[in-house]
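# Report on the structure
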Amino acid sequence: ANDDSNPRDGGDLGCCGYILWFLSLVVIALTFPFSLCLCIKVVQEYERAVIFRLGRLIAGGAKGPGLFFIIPCIDSYTKVDIRTVSFDVPPQEVLTKDSVTVAVDAVVYYRVQNATMSITNVEDSNRSTRLLAATTLRNVLGTKNLSEILSERETISHYMQSSLDEGTDPWGVKCERVEIKDVRLPVQLQRAMAAEAEAAREARAKVIAAEGEQKASRSLKEAAEVLTEAPAALQLRYLQTLNTISAEKNSTIIFPLPIDLLQSFMSRQES
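To keep things clear, this report deals only with the structure shown in the data block. (Residues numbered from 1 in each chain as written. Predicted model: local features only at pLDDT ≥ 70, side-chain atom pairs only at ≥ 80, totals over all residues. Heavy atoms only, no water.)

With that settled, the discussion passes to helix H4 (residues 125–141). When the terminal C-alpha atoms of H4 are compared, their 24 Å separation across 17 residues agrees well with the 24 Å that a helix rising 1.5 Å per residue should span. Those residues of H4 that fall on the buried side of the exposure criterion are Ser125, Ser128, Thr129, Ala133, Ala134, Thr136, Leu137, Val140 and Leu141. The secondary structure elements touched by the buried residues of H4 are strand S6 (85–95), strand S7 (101–112), helix H3 (115–120), helix H5 (146–151), helix H6 (153–168) and strand S8 (173–184). The N-capping residue of H4, defined by a side-chain oxygen 3.3 Å from the backbone nitrogen of asparagine 126, is aspartate 124. (Helix = DSSP H or I, 4+ residues; strand = E, 2+ residues; numbered from the N terminus. Expected span 1.5 Å × (residues − 1). Buried < 20%, exposed > 50% of the residue type's maximum accessible area, 1.4 Å probe, protein only. Contact = heavy atoms within 4.5 Å. Polar contact = N/O pair within 3.5 Å; in protein donor to acceptor, adjacent residues only side chain to side chain.)

Here you go:
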């Protein structure tokens, strides 16, 4: 099985190359079948082999998985693992757009999509991807406010993934996923944010209490208007209050006083 894409061809080996190639075939034929131990190689299902002949990439791209054939002395090959790799981006000290210093670390998942390009276009695709991920993390977070970093992690992760995928595409590397793992704030900023949140909660509690007092006063006003229209209702309310107090287990002694006796005093004051 061969890799689908082949960015460059080995081209003509030249006169000396063909001579070395012919001599190698002669040696293989003379030492057959012992030469098979050096000519036949195996790569796993998750690996690909990039073969160079006299320093040139052979036609057909990467080989594998399974058996493939090389010519000793003039061929060299490199195995490439195409499984998904995950790594932690080291914590980055980032100055946000609103001048707040935060430490952010992330997790990046990537895999080699084109084994030939990962060998021929970059010296070390794994190391280059890790360095680019750390740089991209700093650049992206530097354009965001602290509130955006804390509340829009998913959006930032998708943007970082697209940026990394675009940057690693010439290396044959596919960035599959980026996750913001942790955002660490300075201790002083944590205390300030905690004090701000506590003050906001106290303000909301005061507003709710004030609204409750306003609604209670309106209800008392309406109740007073109803009792004014029906004087007997005030007597019933008075008796109900006495019944409620007497039901409680306390040592308070209450002497009920009929309200009718008080109406005479109220009429005198009005006159």
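Turning next to the sheet that holds S7. Adjacent strands of a sheet form backbone hydrogen bonds with each other and so pair up, either parallel or antiparallel. One open sheet holds the three strands; their spatial order is S6-S7-S8, and the pairing between them is antiparallel. Sheet topology places S6 and S8 at the edges, where each strand pairs with a single neighbour. Each strand axis lies, on average, 25° off the axis of its neighbour in the sheet, ignoring direction. Contacts from H4 reach S6, S7 and S8 within the one sheet, and its direction differs from that of S6 by about 35°. The strands touched by H6 are S7 and S8; relative to S8, the strand with the most contacts, the crossing angle is about 145°. (Pairing = 2+ DSSP bridges. Axes fitted to C-alpha atoms, helices over the stretch in contact; angles between N-to-C directions.)

By the definition in use, this model includes eight salt bridges. A salt bridge links lysine 174 to aspartate 165; the shortest N-O distance between them is 2.9 Å. The exposure class of lysine 174 is partly exposed, given its relative accessible area of 27%. You can call aspartate 165 buried: its relative accessible area is 19%. Across the salt bridge formed by glutamate 179 and arginine 177, the nearest N and O atoms sit 2.8 Å from each other. According to the relative accessible area criterion, arginine 177 is partly exposed, its value standing at 47%. One salt-bridge network, held together by shared partners, links Asp105, Asp182 and Arg184. (Salt bridge = Lys/Arg side-chain N within 4 Å of Asp/Glu carboxyl O.)

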